[in-house]
Amino acid sequence: MTSGGVLSGKVALVTGAGQGNGRAIALALATAGANAAINDLRAESIDRVVKEVAALGRGAVGVVADVTQTSQIDAMVARTVAELGRLDILVNNAGLICPHPFGEVTEEDWDQTMAVNARGLFFCMQAAAQVMKEQRSGAIINIASVAGRGTHSLSPPYAASKATAIIVAQQAARVLAPYGITVNSVCPGLIDTDFNKRLDDQIGVRQQGLEPGEYIRQRIATIPLGRIGTPQDVANVVVFLASPPANYITGQQITVDGGILCL
Ligand SMILES: NC(=O)c1ccc[n+]([C@@H]2O[C@H](COP(=O)([O-])OP(=O)(O)OC[C@H]3O[C@@H](n4cnc5c(N)ncnc54)[C@H](O)[C@@H]3O)[C@@H](O)[C@H]2O)c1
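Residues numbered from 1 in each chain as written. Predicted model: local features only at pLDDT ≥ 70, side-chain atom pairs only at ≥ 80, totals over all residues. Heavy atoms only, no water.

(A) Seen up close, the overall build of the chain. Secondary structure summary: the chain contains 8 helices and 7 strands in total. Relative to the globule expectation of 18 Å for 263 residues, the C-alpha radius of gyration of the chain, 18 Å, shows essentially globular dimensions. With the C-alpha coordinates aligned to their principal axes, the bounding extent of the chain is approximately 50 × 35 × 35 Å. Burial statistics for the chain: of 263 residues in total, 51% are counted as buried. Within the chain, contacts between residues separated by at least 24 positions form 73% of all contacts whose residues are at least 6 apart in sequence. In the structure as shown, the chain presents an accessible area of about 11800 Å², 53% of it carried by carbon and sulfur atoms. Mean positive and mean negative side-chain charge positions of the chain (20 and 22 charges, respectively) differ by 9 Å. (Helix = DSSP H or I, 4+ residues; strand = E, 2+ residues; numbered from the N terminus. Rg over C-alpha atoms; globule rule 2.2 N^0.38 Å. Buried < 20%, exposed > 50% of the residue type's maximum accessible area, 1.4 Å probe, protein only. Contact = heavy atoms within 4.5 Å. Areas by Shrake-Rupley, 256 points an atom, 1.4 Å probe, with all protein chains shown as cover. Lys, Arg positive; Asp, Glu negative; His and termini not counted. Charge placed at Lys NZ, Arg CZ, Asp CG, Glu CD.)

Laid out in structure tokens, this is it:
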């Protein structure tokens, strides 16, 4: 393994890291020196990112697990420690959205969204904290959203789940502070991943009858900094929060949205 970097020798676990923000976060952490466990639902996407992390000279392990299943979460954390030796950084990135407007939200939408974005996230925090408490150090970073901070919501369950991600980070920050573990949230705005390509189709084309791409163009036009965010924009903040220069920051939310919440 190559040495060097502010996170040299650290081990990170990133959920939902087979693509999009999670992949960028895993690669950014590895670039900063961390070895990484790559979680997602499907082996194919994981394998690609494991190879990319390994190509950076870091230790990498792929862990297929569904974060809605606590037994799979426990096995994922155990495998990370068994293969990479410890666990210093958990990034709770796995997430989904069911983009039905208020009057059309189903019970299934609600349960599915909360099961991944809130319940799964919480039990990943709990499992990782067990290991970090023994190590008496660690950093947990929840990928929330501006939707969890009260902006115009595309999906009520999504907004609720992301508000939960923020509040459980604050709760855990207090409980875990005596062990030297920080817990923070990152709140992205509009980021250029498949997530928004799907929303363009589901909301723009199917719900609003727009041309493909038009819905996203309209949303980008409302961003003060004038561009869509990149997964790297999100990953940069995660690396900072995971690094020693941020070790006096806990229980906070950092918004990465090009100014959406300034409006
Ligand atoms: N893209 C955006 O504009 C945006 C904005 C705000 C927040 N976010 C958040 O960023 C995170 C990543 O989103 P993205 O844009 O990369 O989306 P994405 O759909 O490209 O990636 C999400 C990943 O999570 C995985 N995943 C879903 N359910 C899972 C489960 N039960 N167990 C394990 N993995 C699971 C998916 O397989 C996928 O690889 C999500 O939490 C999302 O809510 C995204």
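(B) Focus on the side chain of Thr 182. With respect to the helices and strands, Thr 182 occurs in strand β6 (residues 181–188). Setting aside its immediate chain neighbours within four residues, Thr 182 contacts Gly 138, Ala 139, Ile 140, Leu 241, Asn 247, Ile 249 and Thr 250.

(C) Representation of the packing of helix α3 (residues 70–84) against helix α4 (residues 107–135). At their nearest, the axes of α3 and α4 sit 10 Å apart, and the two run at 35° to each other. Taken as a pair, α3 and α4 cross one another with a handedness that is right-handed. On the side of α3, the interface is formed by Thr 70, Ile 73, Asp 74, Met 76, Val 77 and Val 81, while α4 contributes Gly 120, Phe 123, Cys 124, Ala 127, Ala 128 and Val 131. A class-by-class count of the residues in the contact of α3 with α4 yields 9 nonpolar, 2 polar and 1 charged. (Axes fitted to C-alpha atoms, helices over the stretch in contact; angles between N-to-C directions. Left-handed = near helix turned anticlockwise from the far one by under 90°. Nonpolar A, V, L, I, M, F, W, Y, C, P; charged D, E, K, R; others polar.)

(D) Local environment of the nonpolar core. Counting residues in hydrophobic clusters, the biggest one holds 35 residues, and the most contacted among them are Ile 140 and Val 183. Among the secondary structure elements, those contributing two or more residues to this core are β1 (11–14), β3 (60–64), α3, α4, α5 (156–176) and β6. At 9 residues, the largest contribution of residues to this core is made by α4. The contact partners of Ile 140, leaving out residues within four places of it in the chain, are Leu 90, Asn 92, Met 125, Met 132, Leu 176, Ile 181, Thr 182, Val 183 and Asn 184. Among the nonpolar cores identified, the runner-up in size contains 33 residues, and Leu 7, Ile 38, Val 186 and Ala 242 belong to it. (Core = buried A, V, L, I, M, F, W, Y, C linked by side-chain atoms within 4.5 Å.)

(E) Looking closely at the domain arrangement of the chain. Here the chain is described as being made up of domain 1 (11–190 + 230–257) and domain 2 (192–228). Listed per partner, the contact involves 15 residues of domain 1 and 17 residues of domain 2. Summed over both partners, the interface of domain 1 with domain 2 comes to about 1200 Å²; 64% of that surface belongs to carbon and sulfur atoms. Sorting the residues of domain 1 by area buried against domain 2 places Pro 99, Leu 154 and Leu 190 first, and these three jointly supply 52% of that buried surface. At the junction of domain 1 and domain 2, the tally comes to 1 salt bridge. (Domains from an automatic or database assignment. Buried area = accessible area lost by both parts, 1.4 Å probe. Salt bridge = Lys/Arg side-chain N within 4 Å of Asp/Glu carboxyl O.)

(F) Summary view of the pairing of β6. In terms of burial, β6 is largely enclosed, as 8 of its 8 residues are buried. Because side chains alternate across β6, one face comprises the buried residues Ile 181, Val 183, Ser 185 and Cys 187, and the other comprises Thr 182, Asn 184, Val 186 and Pro 188, equally buried. Relative to β6, strand β5 (residues 138–143) runs parallel, the two sharing 6 bridges. Residue pairing in the sheet places Ile 141 in a bridge with Asn 184 of β6. Handedness of the crossover joining β5 and β6 through α5: right-handed. (Pairing = 2+ DSSP bridges. Right-handed = clockwise from strand over helix to strand, strands pointing away.)

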